[in-house]
Amino acid sequence: GAGVSQSPSNKVTEKGKDVELRCDPISGHTALYWYRQSLGQGLEFLIYFQGNSAPDKSGLPSDRFSAERTGGSVSTLTIQRTQQEDSAVYLCASSFARREQYFGPGTRLTVT
Amino acid sequence: GIQVEQSPPDLILQEGANSTLRCNFSDSVNNLQWFHQNPWGQLINLFYIPSGTKQNGRLSATTVATERYSLLYISSSQTTDSGVYFCAVESYKLSFGAGTTVTVRA
């Protein structure tokens, strides 16, 4: 696959449930980013992984949000006890050596 | 954090018209990118342009890093150019402007 892929493309969940969102970056890219885009808004940075360094979690909105990146490749964003305000499109991007970022198609999360 | 301001917020063009979108940023950056978000939400890379000028077909971009702004030029606009254009800058993380919504009418 040539691009960043994300799954699922859509997720509807009930308030209070946990969800996991997956990102497969471009092969060979060392950096991986998660962003969130609420309806009609710009993109909000969530978390950044670079190689084996400790991730930059400064954008995570609460301790209900966490992310991991296994083997320097695939990443999972987990949201625990989802709230309605978590509804948004969650976008993943990857880059090589912090150059140009390439985005996946996103996961649209709806919390009912 | 770095502030990114885009102007205008909305732009309506007649097909064939030219336009300029502007991005101002508040601090030195390592990286500046322009994206087009299509109606399906996909972010498409237009330019990686921390400085200088680049051209790709009907689109071109110029970044003057010392003056902290970048410009995106759309020439001979087409209806497929409609969507939201985002400027994003990176010091240690990518910060996005609010975008310019472009509507091109046939």
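Residues numbered from 1 in each chain as written. Chains lettered and ligands numbered in written order. Predicted model: local features only at pLDDT ≥ 70, side-chain atom pairs only at ≥ 80, totals over all residues. Heavy atoms only, no water.

**Observations concerning the environment of Ser27(A)**
Residues and elements named next belong to chain A.
- Looking at where Ser27 falls in the secondary structure, it is placed in the loop between strand E3 (19-24) and strand E4 (31-37).
- A relative accessible area of 72% places Ser27 in the exposed class.
- Once the C-alpha coordinates of Ser27 and Val4 are considered, the two residues, 23 residues apart in sequence, prove to be 8.8 Å apart. (Helix = DSSP H or I, 4+ residues; strand = E, 2+ residues; numbered from the N terminus. Buried < 20%, exposed > 50% of the residue type's maximum accessible area, 1.4 Å probe, protein only.)

**As for the sheet that holds strand E1 (residues 5-7) of chain A**
Residue and element names in this part refer to chain A.
- Across the sheet, 4 strands lie side by side as E1-E3-E7-E6; this open sheet has antiparallel pairing. Looking at the sheet topology across the chains shown, the edges are occupied by E1 and strand E6 (65-69). Pairs of neighbouring strands in the sheet enclose a mean axial angle of 15°, with direction left out of account.
- Bridge analysis of E1 against E3 gives 3 bridges, and the strand direction is antiparallel. Within the sheet, the bridge partner assigned to Ser5 lies in E3 and is Asp24. (Pairing = 2+ DSSP bridges. Axes fitted to C-alpha atoms, helices over the stretch in contact; angles between N-to-C directions.)

**Let's talk about the side chain of Thr63(B)**
Residues and elements named next belong to chain B.
- Note on placement: Thr63 falls in strand E7 (residues 59-64).
- Residue classification places Thr63 among the buried positions, given a relative accessible area of 5%.
- A polar contact is formed between the side chain of Thr63 and the backbone oxygen of Ile49, at a distance of 2.8 Å.
- A distance of 2.9 Å separates a polar atom in the side chain of Thr63 from a polar atom in the side chain of Ser70. (Polar contact = N/O pair within 3.5 Å; in protein donor to acceptor, adjacent residues only side chain to side chain.)

**Looking at the packing of aromatic side chains**
All names here are of chain A.
- Scanning all chains against the criterion turns up 9 aromatic pairs over all chains.
- Ring geometry for Tyr33 against Tyr48: centres 4.8 Å apart, planes inclined by 15°, an arrangement best described as stacked. Taken as a pair, Tyr33 in strand E4 and Tyr48 in strand E5 (residues 43-50) lie far apart in primary sequence, 15 residues in all.
- Ring geometry for Tyr35 and Phe45: centres 6.1 Å apart, planes at 70°, overall edge-to-face. With Tyr35 in strand E4 and Phe45 in strand E5, the pair connects residues that are 10 residues apart, well separated along the chain.
- Note on Tyr35: relative accessible area 0%, which makes it buried. (Phe/Tyr/Trp six-rings, centres within 6.5 Å; stacked < 30°, edge-to-face > 60°.)

**Here we look at the interface of chain B and chain A**
- Listed per partner, the contact involves 17 residues of chain B and 19 residues of chain A.
- Together chain B and chain A conceal approximately 1500 Å² of surface at their shared face, both sides included; 48% is due to carbon and sulfur atoms.
- Put simply, chain B and chain A have 5 residue pairs in polar contact (both at pLDDT 80 or more) between them.
- Elements that contribute at least two residues to the side of chain B that touches chain A include exactly strand E4 (31-37), strand E5 (43-48), strand E9 (83-90) and strand E10 (94-96) of chain B. (Contact = heavy atoms within 4.5 Å. Buried area = accessible area lost by both parts, 1.4 Å probe.)

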